[in-house]
Amino acid sequence: MRSRAAAKEEDLEENTFFRTLRAKCPDVWELAAAEQLVVCIPSEASTQGMAMNRSAFETHIIRASPFFAGVYETLNGKSIELENSVIETGQGFKERRRVDVLFEELHYNADYKPFRVVCISLPFQGGASVVRPQHGDGEKFYDRASLAECEAFIQSVSAIDPTPLARARKAVGDFERSYVLVKGYFGHARRKLTGIVETATEELVKGNVSALRECNYSTRSRQSLQRSVDAVVMGHAHPKLMGTIKNMHREEDARLSDAMAQRQASRPDDYGASGALSGLDLKAPIQAAATLDDSRCPLDKISLLHTVVQGINGCVERAKAGGILPPSFLLAADDLLPLLIYTIVRAQPRHLASNAAYLEHFGNDATEEGDFHAANLRASTDFLISNCPP
């Protein structure tokens, strides 16, 4: 049963993606209906050459994040953001796309509960690139997820005048030679580095007008540019900052390392998670968490923690699909933190206390999600410190 929510140019009943989803993977369609998820159907013209398989269908069925407004996760663990009928692909996708919601329909499941089916301008991945919307300069400005992406972006927009980043790097070197980091006064150090970032951002905009013109009138574009500059500057400062912080937290790091080694036989419910979650296979997020200390700047560490949390959510969804958890189970914040603590314990990342302190004082991710991940790492570390022998 369905109800049309808007006038439209094409009939979804004739859409190849829509018909193939229900015919080829009826279990995926039934899951979306039963759990009242959002089913995204690429417009017919945009699906030329697109693979019509289970992975593609799972990529286009999304559920709202229980933690962040406007953030959704696909059935196969990728991330998108939806705002004002525009969808932006994020973590897990090989390329970033901006996709317009053309119209939506309300369908009803066997219990007569509604779920949304939306028609979108192009697929989240694959399909015919000829129908991709053109967004001009605005296509450049989105929040990159890694230092490498930020470096490539800055290089691409500073061809006319690359000197602001060279001056910023020199300023970081001067900071490192002249500034003494003192425990309890990291806030002042972060402000000094933020000043370098702001100066470099302003000089980049002035020296590369053709590439960065939009930053003069779009706050969002300037913030996106500054976030990339911040990642690059913090990447330069990272070795000195982390080295100093590790010296300050040497004893805590050692205690946590011993405590995690001793807790390898623990279970999620030992940290307060629901007993039903003790059978989860968390191998993938554990492997990701083990690399926390390898990241070269706050942005990379935040992205790594995002991957870990996404991995935990993905494990829960697979457990539901496999009958280990009931289909109606929802992962709440009260269960996420215990699962994160368990994942960290099993992963045994190096210098855990140092990394928590580094993100707490130098993260400045400027996003709600970044603050969320930094706070959860801090809470996990504090829990382990308070529960391990002195």
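Only a predicted model underlies this, so the values are computations on that prediction, with no experimental measurement involved.

Student: Which parts of the structure should I look at to understand the overall build of the protein?
Tutor: Within the protein one finds 14 helices and 8 strands. Principal-axis analysis of the C-alpha atoms places the extent of the protein at approximately 70 × 60 × 30 Å. Evaluated residue by residue, the protein yields a buried proportion of 51% over its 390 residues. Within the structure as shown, the protein displays about 18100 Å² of accessible surface, and the carbon and sulfur contribution to it stands at 50%. Where the 45 positive side-chain charges of the protein centre and where its 51 negative ones centre are 4 Å apart.

Student: Help me understand the packing of aromatic side chains in this model?
Tutor: What describes a pair of aromatic rings is the distance from one ring centre to the other and the angle between the planes of the rings. Counted under the stated rule, the structure contains 9 aromatic pairs. Considering the side-chain rings of phenylalanine 175 and tyrosine 179, the 5.0 Å spacing of their centres and the 20° angle between planes classify their relative orientation as stacked. Three or more aromatic residues joined by ring pairs form one cluster here, namely Phe18, Trp29 and Phe115. Its end group placed over the ring of phenylalanine 18, arginine 22 keeps NZ or CZ at 4.1 Å from the ring centre. Above the plane of the ring of phenylalanine 93 lies lysine 78, whose end atom (NZ or CZ) is 5.1 Å from the centre.

Student: Help me understand the pairing of strand 5 (residues 79–83) in this model?
Tutor: Successive side chains on a regular strand alternate, one facing one side of the sheet and the next facing the other. Sheet topology places strand 4 (residues 71–74) next to strand 5; 3 bridges connect them, and they run antiparallel. Residue pairing in the sheet places valine 71 in a bridge with glutamate 81 of strand 5. The antiparallel pairing of strand 4 with strand 5 creates a hairpin that spans 4 residues between the two strands, and glycine 77 there sits at a positive phi of about 85°. Here 4 bridges tie strand 5 to strand 6 (residues 86–89), and the two strands are oriented antiparallel to one another. By the bridge assignment, isoleucine 80 is partnered in strand 6 with threonine 89. Hairpin connection of strand 5 to strand 6: 2 residues between the antiparallel strands, including asparagine 84 at a positive phi of 55°.

Student: Explain the environment of glutamate 214 here, please?
Tutor: Note that glutamate 214 resides in the loop between helix 7 (209–212) and helix 8 (219–248). The spacing of glutamate 214 and threonine 47 is 167 residues in sequence and 32 Å in space, taken between C-alpha atoms.

Student: Would you take a moment to explain the side chain of histidine 306 for this structure?
Tutor: By the element assignment, histidine 306 lies in helix 11 (residues 298–321). If near-sequence neighbours (up to four positions away) are discounted, histidine 306 is found in contact with Ser79, Gln91, Glu369 and His373.

Student: How should the packing of helix 5 (residues 163–178) against helix 6 (residues 186–207) be read in this particular structure?
Tutor: For any two helices packed against each other, the geometry comes down to the angle between their axes and how far apart the axes lie. Two elements in contact, helix 5 and helix 6, have axes whose closest approach is 9 Å; the angle formed by their N-to-C orientations is 165°. The angle between helix 5 and helix 6 places the two elements in the roughly antiparallel class. Regarding helix 5 and helix 6, the two cross each other, and that crossing is right-handed. On helix 6, the residues that touch Pro164, Leu165, Arg167, Ala168, Ala171, Val172 and Phe175 of helix 5 are Ala189, Lys192, Leu193, Ile196, Ala200, Glu203 and Leu204. For the contact of helix 5 with helix 6, the class distribution of residues is 11 nonpolar, no polar and 3 charged.

Student: Could you clarify how one ought to interpret the packing of helix 5 against helix 8 in this entry?
Tutor: Running from N to C, helix 5 and helix 8 cross one another at 25°; their axes reach a closest spacing of 10 Å. Between helix 5 and helix 8, the interaxial angle falls into the category roughly parallel. Considering how the two elements wind past one another, helix 5 and helix 8 form a crossing that is right-handed. Contacts between helix 5 and helix 8 involve Leu165, Ala168, Arg169, Val172, Phe175 and Glu176 from the former and Val232, Val233, His236, Ala237, Lys240 and Leu241 from the latter.

Student: Please clarify how helix 12 (residues 333–347) should be interpreted in this entry.
Tutor: Along an α-helix, residues three or four apart share an orientation, since each turn contains 3.6 residues. Compared with the 21 Å implied by 1.5 Å per residue over 15 residues, the 21 Å span of helix 12 between its first and last C-alpha is a close match. Counting buried residues in helix 12 gives 11 out of 15 residues, a clear majority hidden from the surface. Along helix 12, the residues classified as buried are Asp335, Leu336, Pro338, Leu339, Leu340, Ile341, Tyr342, Thr343, Ile344, Val345 and Ala347. One or two residues past the end of helix 12 sits glutamine 348, with phi positive at roughly 50°.

Student: What is the right way to look at helix 2 (residues 26–34) in this model?
Tutor: Considered for burial, the residues of helix 2 that qualify are Val28, Trp29, Ala32 and Ala33. Projected down its long axis, helix 2 shows its buried positions confined to an angular sector of 135°, all on one face. Exposed positions of helix 2 whose direction lies more than 90 degrees from the buried face are Glu30 and Ala34. Buried residues in helix 2 make contact with helix 1 (16–24), strand 2 (38–42), helix 3 (54–59), strand 3 (61–64), strand 7 (98–108) and strand 8 (114–120). Positive backbone phi, approximately 55°, marks glutamine 36, located one or two places after helix 2.

Student: Mind showing me how you'd approach the confidence of the model for the protein here?
Tutor: For residues with low pLDDT, the predicted coordinates do not support detailed interpretation. Averaged over all residues, the pLDDT of the protein equals 87, while 93% of them reach at least 70. Per-residue pLDDT, averaged within each element of the protein, yields its smallest value for strand 1 (residues 2–4) (41) and its largest for strand 2 (95). Scored below 50 in pLDDT, residues 1–7 shows 21 contacts in the model against residues more than four places distant or in partner chains. Scored below 50 in pLDDT, residues 129–138 makes 15 contacts in the model with residues more than four places away or belonging to other chains.

Rules used in this analysis
Residues numbered from 1 in each chain as written. Predicted model: local features only at pLDDT ≥ 70, side-chain atom pairs only at ≥ 80, totals over all residues. Heavy atoms only, no water. Helix = DSSP H or I, 4+ residues; strand = E, 2+ residues; numbered from the N terminus. Buried < 20%, exposed > 50% of the residue type's maximum accessible area, 1.4 Å probe, protein only. Areas by Shrake-Rupley, 256 points an atom, 1.4 Å probe, with all protein chains shown as cover. Lys, Arg positive; Asp, Glu negative; His and termini not counted. Charge placed at Lys NZ, Arg CZ, Asp CG, Glu CD. Phe/Tyr/Trp six-rings, centres within 6.5 Å; stacked < 30°, edge-to-face > 60°. Lys NZ or Arg CZ within 6 Å of the ring centre and 35° of its normal. Pairing = 2+ DSSP bridges. Contact = heavy atoms within 4.5 Å. Axes fitted to C-alpha atoms, helices over the stretch in contact; angles between N-to-C directions. Parallel < 35°, antiparallel > 145°, perpendicular 65-115°, else oblique. Left-handed = near helix turned anticlockwise from the far one by under 90°. Nonpolar A, V, L, I, M, F, W, Y, C, P; charged D, E, K, R; others polar. Expected span 1.5 Å × (residues − 1). Arc of directions from axis to C-beta. pLDDT = per-residue confidence, 0-100.

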